[in-house]
Amino acid sequence: MNAIAPQIGDSRLARRLQRETEGSVLFAPADRGRYATDASIYQVEPIGVLVPRTTADVEAAMAICREEGVPVLPRGGGTSQCGQTVNRALVLDCTKHLRRVLSVEGDTARVEPGITLGALNEALKSTKQFFPVDPSTWQRCTIGGMAGNNSCGSKSIRYGLMADNVRAIDAILADGSRHVFGENAPNTDLVARLHALGEREAAEIAEKFPAQLRRVGGYNLDALTPDARANGRGNLARLLVGSEGTLAFSAALDLKLWPIKPRKVVGICQFPTFRRAMEASKHLVTLDPEAVELVDRTMIDLGRSIPIYRATIDQMVIGEPDSLLIVEFHGDDDAKLMRQLAMLDEMMGDLGLPGQVVHAVDAGFQAAIAEVREAGLNIMMSQKQDAKPVSFIEDAAVSLEDLPDYTERLTAVFDEYGVKGTWYAHASVGCLHVRPVLNMKEGGDVRKMREIAERCFELVREYKGSHSGEHGDGIVRSEFHESMFGPRIVRAFEAVKDEFDTNALLNPGRVVRPPRMDDRSLFRYPPDYTPLSDVKPVLDWSAHPGPQAGLLGAVEMCNNNGTCRKFDANVMCPSYRVTRDEQHLTRGRANTLRLALTGQIPGGIASPEVQEAMSLCVSCKGCKRECPTGVDMARMKIEVLAARNAKQGVPLKDRLVAALPHYAPWAASLPWLANLRNRVPLLAKLMERVTGIAADRKLPEFAAPPFLDRDGCRKEGEAREVLLFADTFNRYFEPENLHAAVRVLNAAGYSAQVASAGGRPLCCGRTYLAAGMVEEARAEARRTLAVLAQSDAPVIGLEPSCLMTLRDEFQALLPGPETEALSRRAFLVTEFLEKEGTLPALKPGAPVAHIHGHCHQKAFGAFPAAVKALKRVPGMEVKPIASSCCGMAGAFGYEAKNLETSKAMAELSLLPAVRAAAPGEVIVADGTSCRHQIADLSGREALHSIRVLDRSL
């Protein structure tokens, strides 16, 4: 396999783009590699990437490419399933800057193409309207990409497809001309020629286009026919919708808005067999639901295996059903909605399944169900093996009457080939997502893929269905248009393409004149895909298959679904939220690693390209929990830093921070000297010059006296013993937190003894891991484990990053039963007290507590316990702050080179919430770094939750 071509930043094209646009020009090998993939099985290296700042940049770039003979590929979130957002072209990434709502007038919103659906609907809330086309990728898919795909979503039974909800498109054509295609578009020569084509082919279109709501294959030629013009469906924006960037660039889109229905109830119907669920679908839709979504047995089992979804799925099921149908009713009247839910119960009884509906009326439960459903595609991809559910026949659609027989016959096809298929999604419209489990690294499975596709589409034609019902054509389905629609319609598709784009500059080879879908030279895993043989990981990756001791398999778990691009209140991905650059995204980093581990970027994971991609990773662990396939970029960063250290040595700053647990006892004995740097500006500036630690940052100050091992409290009598893990940060900088923990644990009836080896205090090794000094961290882990393994008492910690190291990285450093056992009995203090239900009686405290969750608290599911514990303080209102990473992240925010990024992370949501808190209200943060960031940038003191509980004893 050839490495990605050398940098061509000095090419004529790149030079012109640099000179003639204001956008970011990305032509380096790693940049091109990161844009070579989407969420499909394909990888096609682009010529380069432009991140335009304005529409004028797009026009200039298209003019340059026209003159240079270079194709152009508009790209949104890069979440496409079929390969339509990868091509040998100049990629225009619209997501960073072209994301404004330009206007809202009545029930029409005009937007730029790079805005995400989630951001649009958030902006529309004040108008009490929303845009209803809702793909499961709504948090990160863009309106331009949705128009390109003719997206649908779960509510298409109610609101239709994207083509039904785009009123007009302001389009830039390949020749540079600007046209508005809409309800009242001018009758230009181009429009006249298109209408003539529609009139000529009207009979063929009527005969060959399937009568399915979910038909998104090919171009929407039916918009060109005389009948369409007569019945109000002749809006030529419909022709551009679904064209996958092959006809024009959408500079702005006018969208049809709908009133928000503020109330919702959900019924989860349980079925003993998959066929019973399919047979029920046609009956359930008569109840006028907003959506009917399928979850099959495979998804139930896989979802349960993912910690973030387990509790929700357990709440969704009664016993062990084979399949679920999730039925949603929306409206304004609660009484009417409850009547609809009762009718659902009654209908299930009539179908012979009484008492088999789980009611979801609570908004929190409904949101959790939606999260599971939306993650369905990626839950399917969470299997740790080379064989994965592959998207190629994923969204064929048939009539509901034919759905049971179609799915049964297709399953029989899978059985013939010895493969298993997974089913989920839109039962209301006969569009079920199905992914056969295949290994795309094996030629035999690639042959199976093609044969299964041909057999599937033959069935679809037999049932007069649509071979492409939601995710578009791209590479994977375009070549099947001829068998689906016939040669005359395909020639008409080609004629439309030629009218818009004579020289095939816009996303060539998609929709028309495509390559073969099984051309392995276009695959992410081509025949010569070869892992580097000299990679020896320093951590345990044995849970994953394949070479490099499982490291490559762990990296390949990223399927490019782009969940890391979301901007909701969870953690992932903090640095991307600030920069909006693909390289600072979990997906971008994973692609960089994969390319480096397989020789496609020279130098392996110690290369400058990989180091740069990892430079803003704050090791938040958000991806470990929030990525549906569990990509743990924080652990991968340790491998990258270790490789750098082996090649270049450990930088001085990293050595100083890493060794803190060793020299802290000595520094604490002379705190006035250790803290001198904060009081002498000249020392701070000198330290910045030597180590890179920002002079503008105040370092944590050593306390006098520190917390000592003997400061634990052994209670006599019946008290249960717990081991208090006194971490370096709380021990030497904020000992009052550990003293508070001892008092609270004692009051709760526990004998809190400090875990000690005698001599130097125990350490989790986190500071060494953060510097990639793995052997030093392993030594600390051995020393700590030797003490903690002597007892089966619960281990209680205060600092989330340290305690979670015992629970997580210890198993990667020292895999075996002892670290597994430790992971099950290591808890943050509030997590332990809530689990045991032993929080002591409390008196009233502050009127309000605003609590910020440490990233590792959230990543390991421990944050809710801290919130619950604080809620036990009488009369105190607890308000969780909807925030991602605070931006300090250990030593990250102290580095001068990261200072502005660190501040920007904090300013996204944390600092505004802190500043808005009234003076008498308390700010709570359990992370040492978080408390320092809040103090440095807001002037407000933040307390550990244990201090708040201690004050209320």
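Quantities reported herein were computed from a predicted structural model and do not represent experimental measurements.

A. Focus on helix H3 (residues 55–68). Its 14 residues give H3 an end-to-end C-alpha distance of 20 Å, which sits within 8% of 20 Å, the value for a rise of 1.5 Å per residue. Burial in H3 covers these residues: Thr55, Asp57, Val58, Ala61, Met62, Ala63, Ile64 and Cys65. Once H3 ends, the next one or two residues include glycine 69, with phi positive near 70°.

B. Representation of the confidence of the model for the protein chain. Chain-level pLDDT for the protein chain is 94 on average; 98% of the residues reach the 70-or-more range. Long-range and interchain partners of residues 1–9, a stretch whose pLDDT sits below 50, account for 31 contacts in this model, where long-range means more than four residues apart.

C. Fine view of the sheet that holds strand E12 (residues 263–271). Read from one edge to the other, the open sheet built from seven strands follows the order E15-E12-E14-E13-E17-E18-E16, with strand pairing classed as antiparallel. Every interior strand has two partners, whereas the edge strands, strand E15 (357–360) and strand E16 (388–389), have only one. Contacting strand E13 (291–296), strand E14 (323–331) and strand E17 (421–426), helix H12 (residues 297–304) runs over the sheet at an angle of about 70° to E13.

D. Representation of unusual backbone geometry in the model. A cis geometry characterises the amide bond from methionine 572 onward to cysteine 573, with omega recorded as -10°. With an omega of -5°, the peptide bond running from alanine 704 to proline 705 counts as cis. Locating proline 705 in the fold gives a position in the loop between helix H32 (681–691) and strand E19 (720–725). In this model, asparagine 150 sits at a positive phi of 55°, which is unusual for a non-glycine residue. You can see asparagine 150 is positioned in the loop between helix H5 (143–149) and helix H6 (156–159). Residue asparagine 150 is classed as buried on the basis of its relative accessible area of 2%. Positive phi is not limited to glycine here, since lysine 464 has a value of about 55°. Residue position: lysine 464 is located in the loop between helix H18 (443–462) and helix H19 (474–478). For lysine 464, a relative accessible area of 63% puts it in the exposed group.

E. Seen up close, the packing of aromatic side chains. Under the counting rule described, the total for this entry stands at 17 aromatic pairs. Their ring planes at 75° and their centres at 4.9 Å tell us that tyrosine 159 and tryptophan 258 sit as a pair that is edge-to-face. Of this pair, tyrosine 159 sits in helix H6 while tryptophan 258 is found in strand E11 (residues 258–259), placing the two residues 99 residues apart along the sequence. You can call tyrosine 159 buried: its relative accessible area is 6%. For tryptophan 258, a relative accessible area of 24% gives the class partly exposed.

F. Looking closely at the environment of valine 419. One can find valine 419 in the loop between helix H17 (403–416) and E17. You can call valine 419 buried: its relative accessible area is 9%. Between the alpha carbons of valine 419 and proline 436 there is a distance of 6.3 Å; along the sequence they are 17 residues apart. Here valine 419 is in contact with Phe414, Pro436, Val437, Leu438, Lys448 and Ile452, once residues within four sequence places are set aside.

G. A look at the pairing of strand E9 (residues 178–182). Inspection of the sheet shows strand E8 (residues 166–172) paired to E9 by five bridges, in the antiparallel sense. For isoleucine 172, the partnering residue across the bridge sits in E9 and is arginine 178. Count of turn residues in the E8/E9 antiparallel hairpin: five residues, of which glycine 176 carries a positive phi of about 95°.

H. Looking closely at the side chain of arginine 594. Its location among the elements puts arginine 594 in helix H24 (residues 586–597). Within the local environment of arginine 594, its side chain forms a polar contact with the side chain of glutamine 43, the two groups lying 3.0 Å apart.

I. Molecular detail of the nonpolar core. Ranked by internal contacts, the top residues of the largest apolar core, which has 184 residues, are Ile143 and Leu221. Considering each element in turn, this core owes the most residues, eight residues, to H18. In this view, isoleucine 143 contacts Val111, Pro113, Ile115, Leu117, Leu120, Phe131, Met162, Leu253 and Leu255; residues no more than four positions away in its chain are not counted. Counting 38 residues, the second largest nonpolar core, distinct from the first, contains Val744, Ile796, Ala866 and Val948.

J. Main features of the sheet that holds strand E25 (residues 922–925). Reading across the sheet, the four strands line up as E24-E23-E25-E26 and stay open at both edges, with parallel pairing between neighbours. Unpaired on one side and paired on the other, strand E24 (877–880) and strand E26 (942–943) mark the two borders of the sheet. As paired strands, strand E23 (residues 848–852) and E25 are joined by four bridges and run parallel to one another. In the sheet register, histidine 852 faces E25, and the bridge partner there is alanine 925. In this fold helix H45 (residues 928–938) packs onto E23, E25 and E26, with an angle of close to 140° to the strand it touches most, E25.

Conventions and cut-offs
- Residues numbered from 1 in each chain as written.
- Predicted model: local features only at pLDDT ≥ 70, side-chain atom pairs only at ≥ 80, totals over all residues.
- Heavy atoms only, no water.
- Helix = DSSP H or I, 4+ residues; strand = E, 2+ residues; numbered from the N terminus.
- Expected span 1.5 Å × (residues − 1).
- Buried < 20%, exposed > 50% of the residue type's maximum accessible area, 1.4 Å probe, protein only.
- pLDDT = per-residue confidence, 0-100.
- Contact = heavy atoms within 4.5 Å.
- Pairing = 2+ DSSP bridges.
- Axes fitted to C-alpha atoms, helices over the stretch in contact; angles between N-to-C directions.
- Phe/Tyr/Trp six-rings, centres within 6.5 Å; stacked < 30°, edge-to-face > 60°.
- Polar contact = N/O pair within 3.5 Å; in protein donor to acceptor, adjacent residues only side chain to side chain.
- Core = buried A, V, L, I, M, F, W, Y, C linked by side-chain atoms within 4.5 Å.

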